[in-house]
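Read off the chains here:
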Amino acid sequence: MFTGIVEELGEVIALEHIGDSARLRLRGSVVTQGSGHGDSIAVNGVCLTVVEPGEHAFTADVMAETLRRSTLGGLAPGDPVNLERPVALGGRLGGHLVQGHVDGVATLLDRTPGDQWDSVTVSLPAHLARYVVDKGSITVDGVSLTVVEAGADRFTLGLIPTTLALTTLGRRQPGDAVNLEVDVLAKYVERLLAHGAQAPAHPYDAAVPEGSAR
């Protein structure tokens, strides 16, 4: 589990396509500290497993499903990436609960620079629109952000100086693709509401005939 608070801006060393999957080599001096084989690291919001740890770099395998649902397949050597290690139990939840399971890819539509912050508009895929609300949380390229305004097919964000300086969102331009992960709580609530009226009876109730003593 992550929080969407990027720890460092890493760099792609290599991306090797192997059949319908890929192997990604990344540089990151902060996230590699204490990370070993089998640990998780979020890369632009995608939870990946470390398969080859190193002193200042690591390698991760990217399966076909991940390539299809995210922007990772379009990375190239030298590209910057947002990196975050999982939150430690008992650690501070600075952003919101982020799984690193990308729900879809969107497009940055517009950005308007301000004196101290930028206003950014991002497209909103139709299948995700119901999960995005004004002042709600969303993860864009692994960054936990607050939605300023949610529309039918787009939403706006305000990026503070820290976000602009320390994440890839400071460099994204109109037309660039970004990874989206909506708030997982919204998806669970929707699922529970859809099936709440059909909740199964307690196993004990089903086992005892009606009218029998208990």
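Small disclaimer: the values here were computed from a predicted structure and weren't measured.

Trainee: Teacher, can you tell me more about a nonpolar patch on the surface here?
Mentor: A cluster of nonpolar residues, Met 1, Val 87, Leu 93 and Leu 97, forms a patch on the protein surface that exposes about 330 Å² of accessible area. Tracing the backbone through its elements, the reader meets Val 87 in the loop between strand E6 (80–84) and strand E7 (104–113).

Trainee: For this particular structure, what's the right way to read the side chain of Thr 167?
Mentor: Along the chain, Thr 167 falls in the loop between helix H2 (161–166) and strand E12 (177–182). With relative accessibility at 5%, the residue Thr 167 sits in the buried group. The contacts of Thr 167, once residues within four sequence positions are left out, are Val 6, Leu 9, Asn 82 and Val 143.

Trainee: What exactly am I supposed to notice about the environment of Val 120 here?
Mentor: Note that Val 120 resides in strand E8 (residues 118–123). The class of Val 120 is buried, set by a relative accessible area of 3%.

Trainee: I'm lost on the pattern of salt bridges in this one. Help?
Mentor: Side chains bearing opposite charge may pair, as long as their charged atoms lie close to each other. A complete count under the given rule lists 11 salt bridges for this structure. Glu 65 serves as the salt-bridge partner of Arg 68, at 3.1 Å between the closest nitrogen and oxygen. A residue pair is termed a helical-turn pair when its members lie 3 or 4 positions apart in one helix, as Arg 68 and Glu 65 do in helix H1 (residues 64–69) at three residues. Residue class for Glu 65 comes out partly exposed when judged on its relative accessible area of 34%.

Trainee: Looking at this structure, how should I read the sheet that holds E12?
Mentor: Strands pair in a sheet through their backbones, by hydrogen bonds, and they do so in one of two ways: parallel or antiparallel. Within the closed barrel, the six strands sit side by side as E7-E8-E11-E10-E9-E12. Their pairing is antiparallel. Neighbour-to-neighbour, the strand axes of the sheet open up by a mean angle of 45°, direction not taken into account. Examined bridge by bridge, E7 and E12 share four bridges and lie antiparallel to one another. Looking at the pairing, Thr 107 lines up with Ala 177 of E12.

Trainee: What exactly am I supposed to notice about the nonpolar core here?
Mentor: Grouped together as the largest cluster of nonpolar side chains are 21 residues, with contacts concentrated most on Ile 138, Val 140, Phe 155, Leu 157 and Leu 180. Elements with a minimum of two residues in this core: E7, E8, strand E9 (137–140), strand E10 (143–150), strand E11 (154–159) and E12. Setting aside chain neighbours within four positions, we find Val 140 in contact with Leu 145, Phe 155, Leu 157, Leu 169, Val 178, Asn 179 and Leu 180. Counting residues in hydrophobic clusters, the runner-up holds 20 residues, among them Leu 26, Val 46, Leu 67 and Leu 72.

Trainee: What's the story with helix H3 (residues 184–195) in this structure? I'm lost.
Mentor: Three- or four-residue spacings in an α-helix give side chains the same orientation, since the helix completes a turn every 3.6 residues. For H3, built from 12 residues, the straight-helix expectation of 16 Å at 1.5 Å per residue is met to within 8% by its first-to-last C-alpha distance of 17 Å. Counted residue by residue, H3 has one buried out of 12 residues, so it is predominantly exposed. The backbone nitrogen of Leu 185 lies 3.1 Å from a side-chain oxygen of the residue at the head of H3, namely Asp 183.

Trainee: When you look at unusual backbone geometry in this model, what are you seeing that I'm missing?
Mentor: You will see that Lys 135, though not glycine, has its phi angle at about 65°, which is positive. Within the secondary structure, Lys 135 is located in the loop between E8 and E9. For Lys 135, a relative accessible area of 60% translates into the label exposed. Within the chain, Asp 141 stands out as a residue other than glycine whose phi angle is a positive 50°.

The rules behind the values
- Residues numbered from 1 in each chain as written.
- Predicted model: local features only at pLDDT ≥ 70, side-chain atom pairs only at ≥ 80, totals over all residues.
- Heavy atoms only, no water.
- Patch = residues over 30% accessible without salt bridge, like charges linked within 9 Å, V, L, I, M, F, W, Y side chains within 5 Å.
- Areas by Shrake-Rupley, 256 points an atom, 1.4 Å probe, with all protein chains shown as cover.
- Salt bridge = Lys/Arg side-chain N within 4 Å of Asp/Glu carboxyl O.
- Helix = DSSP H or I, 4+ residues; strand = E, 2+ residues; numbered from the N terminus.
- Buried < 20%, exposed > 50% of the residue type's maximum accessible area, 1.4 Å probe, protein only.
- Contact = heavy atoms within 4.5 Å.
- Pairing = 2+ DSSP bridges.
- Axes fitted to C-alpha atoms, helices over the stretch in contact; angles between N-to-C directions.
- Core = buried A, V, L, I, M, F, W, Y, C linked by side-chain atoms within 4.5 Å.
- Expected span 1.5 Å × (residues − 1).
- Polar contact = N/O pair within 3.5 Å; in protein donor to acceptor, adjacent residues only side chain to side chain.

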